[in-house]
Amino acid sequence: MRPVFVIDINKCVGCRSCVAACIQEHGQVFTAAKPANRGKPQTVKLRTWVEWRESEDPPARRFMSSLCYHCEDTPCQRVCPTGATYKTPEGVVLVDKDLCIGCGYCIIACPYGSRYRPEPHEWREAEEKPLVKEAEAGAAYGGVLFKPPVPNKWAFRVDAVDKCTFCYHRYKGDGKLWTPACVEVCPTGSRLFGDLDDPSDPVAELVRSGVAKLARPDLKTGGRVYYVGL
Amino acid sequence: MIVRNQVWGLPIAVEMTLLAVASFAVVWAYIFWRRGDVKAAAVGGALGVVLPAAALGILASELLKPPTAGILVLPLLNPHANLSSWMVWGASGISLLILLSLLFTAPLIKPFDKIAVWGRDRRVMNALGLLMSAFGVFVALYTGLVLAYERGIPFWHSAAVPLLALFMGVAAGSGLYGLLGRVETGKWIALGSGLAALIYLIHLYLSLIGPAAAAFSAQGAMSDPAALGGVALALAAAAVAMFGRKRPSVVAAGALAIVAVILIRMSLLLWGAWDFP
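Residues numbered from 1 in each chain as written. Chains lettered and ligands numbered in written order. Predicted model: local features only at pLDDT ≥ 70, side-chain atom pairs only at ≥ 80, totals over all residues. Heavy atoms only, no water.

A. Here's a closer look at the overall build of chain A. Counting its secondary structure elements, chain A contains 8 helices and 7 strands. Put simply, chain A has 230 residues, and 54% of those count as buried. Pairs at least 24 residues apart make up 64% of the contacts formed inside chain A by residues separated by at least 6 positions. About 10000 Å² of surface is accessible on chain A, with carbon and sulfur atoms providing 56% of the total. (Helix = DSSP H or I, 4+ residues; strand = E, 2+ residues; numbered from the N terminus. Buried < 20%, exposed > 50% of the residue type's maximum accessible area, 1.4 Å probe, protein only. Contact = heavy atoms within 4.5 Å. Areas by Shrake-Rupley, 256 points an atom, 1.4 Å probe, with all protein chains shown as cover.)

Next comes the structure, spelled out in structure tokens:
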């Protein structure tokens, strides 16, 4: 199995449900995030982000999703001094949170801005304004949906570099494709997940037919995230 | 989308500058020892222990897991070490530089010379001095290679960066002995500072006509007092060291060279930028 992620930019409406689902799934600290209209996981400090791109002539707004590209040729894995960054047999690039020392070399090496480091001072600031308090305040108005993160060894931790895992913890090891949290909640079907090894997979067909393309083929890193309409 | 580097900031610039000073201070220590100037050799050797140790300390304080900082000491011995990472080779080189400098310097210092019996054998000291110098040069180069190796930041991904790091090492290490009034280091301060300034200027020019992120970095650096001041001070250090052969001139050139190295390193690091899709 070779999982592949396809993002149809023409279908994205910029609701950022995917971002919310990812935060909930992995226990990221939203109050430590730095959301901005233009940004990448590295700059907003979240695993995935949807940035708004505006053009004036003609006036238009497009939404560009970004996450880890799970490169075939992985610069982050090459530079990691402790071997914390590794690739699964399915080609998913993961970080062993116990081995990661947080030196930041992988962030420097990543040409896509897909990794971020939870800075300790930002973490402390986040602790002072926990999301739980916001949830309590919202209870008067019917409550705020808040669930604890799904326990997994690649979940957010303040003492290690963080990145998208394609929700690898959902994979049961049975060779069957899983569905990442962001794909599950995407209301317009802009985010799609498929298996390149499955000849009947419609998502993989978008890649095989050349409709979906890599964001930066010139960097020659390959990858498992393709875009339609870029 | 162009994003400026905020991952490796000022502490890393200081760390790399300490390594630059130590890298060629140990080379000078060996040269002074060969000339029979034990006192001058001991100074460089001691700095070969203290400065890289301080540099590792700064690097450790920048980690997200400071308790794991021990991994930075000879990481080649760590079973998880990734040998394709320059950081593993660099941190191992720094550790060996500390060890070799310690072995070289201990016999030169009074209370320890009775314990450090290997100091009585000139062949052993020669071998230690040579190895220490080789690791010094490697550490200077490493501070450039670690930046230049990957393509993420185009401003750093250049053959000029390791060369720049090497000559900044020559300038800073010789500059330290210049500060101590050793006039024989004058022409090396001039050489190191002059070539560092020249290479940085060429690097800035080549970056200007390079990829968008490199051009952004070069434009930013060229409008930054750190880069301009660094290049100006490096050229001033070269001129003062070349034309003023007397002790006060060499002291001044040494001080100028070290400040120039810090400023150039700061601008190189802080103006690194990515061009994200």
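B. Structural detail: the interface of chain A and chain B. Listed as interface residues are 47 residues of chain A and, on the opposing side, 30 residues of chain B. Carbon and sulfur atoms supply 61% of the area buried between chain A and chain B, which totals about 3000 Å² over both sides. Contact with chain B buries surface across chain A, with A:Ile101, A:Tyr105 and A:Ile108 losing the most and accounting together for 24% of the total. Between chain A and chain B we count 1 salt bridge in total. For B:Glu150, the salt bridge identified is with A:Arg78, shortest N-O distance 2.7 Å. Applying the counting criterion to the chain A and chain B interface returns 23 residue pairs in polar contact (both at pLDDT 80 or more). Elements supplying a minimum of two residues to the side of chain A that touches chain B: α2 (41-44), β2 (49-55), α3 (75-79) and α4 (105-109) of chain A. A breakdown of the residues in the side of chain A that touches chain B according to their chemical character gives 24 nonpolar, 10 polar and 13 charged. (Buried area = accessible area lost by both parts, 1.4 Å probe. Salt bridge = Lys/Arg side-chain N within 4 Å of Asp/Glu carboxyl O. Polar contact = N/O pair within 3.5 Å; in protein donor to acceptor, adjacent residues only side chain to side chain. Nonpolar A, V, L, I, M, F, W, Y, C, P; charged D, E, K, R; others polar.)

C. Region of the structure containing the packing of aromatic side chains. Taken as a whole, this structure holds 19 aromatic pairs over all chains when the rule is applied. With centroids separated by 5.0 Å and ring planes inclined at 35°, the aromatic side chains of A:Tyr171 and A:Trp178 adopt a geometry described as tilted. The exposure classification of A:Tyr171 matches that of A:Trp178, with both residues buried. Plain terms: the ring middles of B:Trp274 and B:Phe276 are 5.6 Å apart, the flat faces sit at 20° to each other, and that makes the pair stacked. Put simply, the rings of A:Phe5, A:Trp154, A:Phe166, A:Tyr168, A:Tyr171, A:Trp178 and A:Phe193 pair up and form one aromatic cluster. Stacked on the ring of B:Trp271, the Lys or Arg B:Arg4 has its end atom at 3.6 Å from the ring centre. Directly above the ring of B:Trp33 sits B:Arg122, whose terminal nitrogen or CZ lies 4.3 Å from the centroid. (Phe/Tyr/Trp six-rings, centres within 6.5 Å; stacked < 30°, edge-to-face > 60°. Lys NZ or Arg CZ within 6 Å of the ring centre and 35° of its normal.)

D. Structural detail: the sheet that holds strand β7 (residues 225-228) of chain A. Residues and elements named next belong to chain A. Sheet architecture is open: 3 strands sit in the order β6-β1-β7, paired in mixed fashion. Every interior strand has two partners, whereas the edge strands, β6 (191-195) and β7, have only one. Pairwise comparison of adjacent strand axes, ignoring direction, gives a mean angle of 25° for this sheet. (Pairing = 2+ DSSP bridges. Axes fitted to C-alpha atoms, helices over the stretch in contact; angles between N-to-C directions.)

E. A look at helix α3 (residues 86-105) of chain B. With 20 residues, α3(B) extends 28 Å from end C-alpha to end C-alpha; this agrees with the ideal 28 Å at 1.5 Å per step. Counting buried positions along α3(B) gives 14 out of 20 residues, so the element sits mostly inside the fold. (Expected span 1.5 Å × (residues − 1).)

F. Main features of the nonpolar core. Ranked by internal contacts, the top residues of the largest apolar core, which has 104 residues, are B:Trp8, B:Phe104, B:Leu147, B:Phe155, B:Trp156 and B:Tyr200. Broken down by element, this core gets its largest block of residues, 16 residues, from helix α1 (residues 10-34) of chain B. If we ignore the near neighbours within four places in the chain, the residues touching B:Trp8 are A:Cys103, A:Gly104, A:Tyr105, A:Ile108, B:Met87, B:Val146, B:Leu147, B:Trp156, B:Leu269 and B:Leu270. Counting 38 residues, the second largest nonpolar core, distinct from the first, contains A:Cys71, A:Tyr112, A:Trp178 and A:Tyr227. (Core = buried A, V, L, I, M, F, W, Y, C linked by side-chain atoms within 4.5 Å.)

G. Just the environment of A:Ser17, in detail. Residues and elements named next belong to chain A. You can see Ser17 is positioned in helix α1 (residues 17-26). Counting along the chain gives 100 residues from Ser17 to Arg117, while the straight-line C-alpha distance between them is 23 Å. Ignoring sequence-local partners within four residues, the contact set of Ser17 consists of Val185 and Pro187.

H. Highlighting the side chain of A:Asp201. Residue and element names in this part refer to chain A. The topology assignment puts Asp201 in the loop between β6 and α8 (202-208). Put simply, Asp201 is tucked away with no salt bridge, and the nearest opposite charge, on Arg208, sits 6.4 Å away. At 2.8 Å, the side chain of Asp201 forms a polar contact with the backbone nitrogen of Val203. Leaving out residues up to four positions away in the same chain, Asp201 has contacts with Leu177, Gly194, Asp195 and Arg208. (Lys, Arg positive; Asp, Glu negative; His and termini not counted.)

I. Highlighting the pairing of β7(A). All names here are of chain A. Of the two faces of β7, both are covered, the one formed by Val225 and Tyr227 as well as the one formed by Tyr226 and Val228. Relative to β7, strand β1 (residues 3-8) is paired through 4 bridges, and the arrangement is parallel. Paired with Val6 across the strands is Tyr226, a residue of β7.

J. Geometry of the confidence of the model for chain B. Residues with a pLDDT of 70 or more make up 100% of chain B, whose mean pLDDT is 94. Scoring the predicted complex yields pTM 0.91 and, for the interface, ipTM 0.92. (pLDDT = per-residue confidence, 0-100.)

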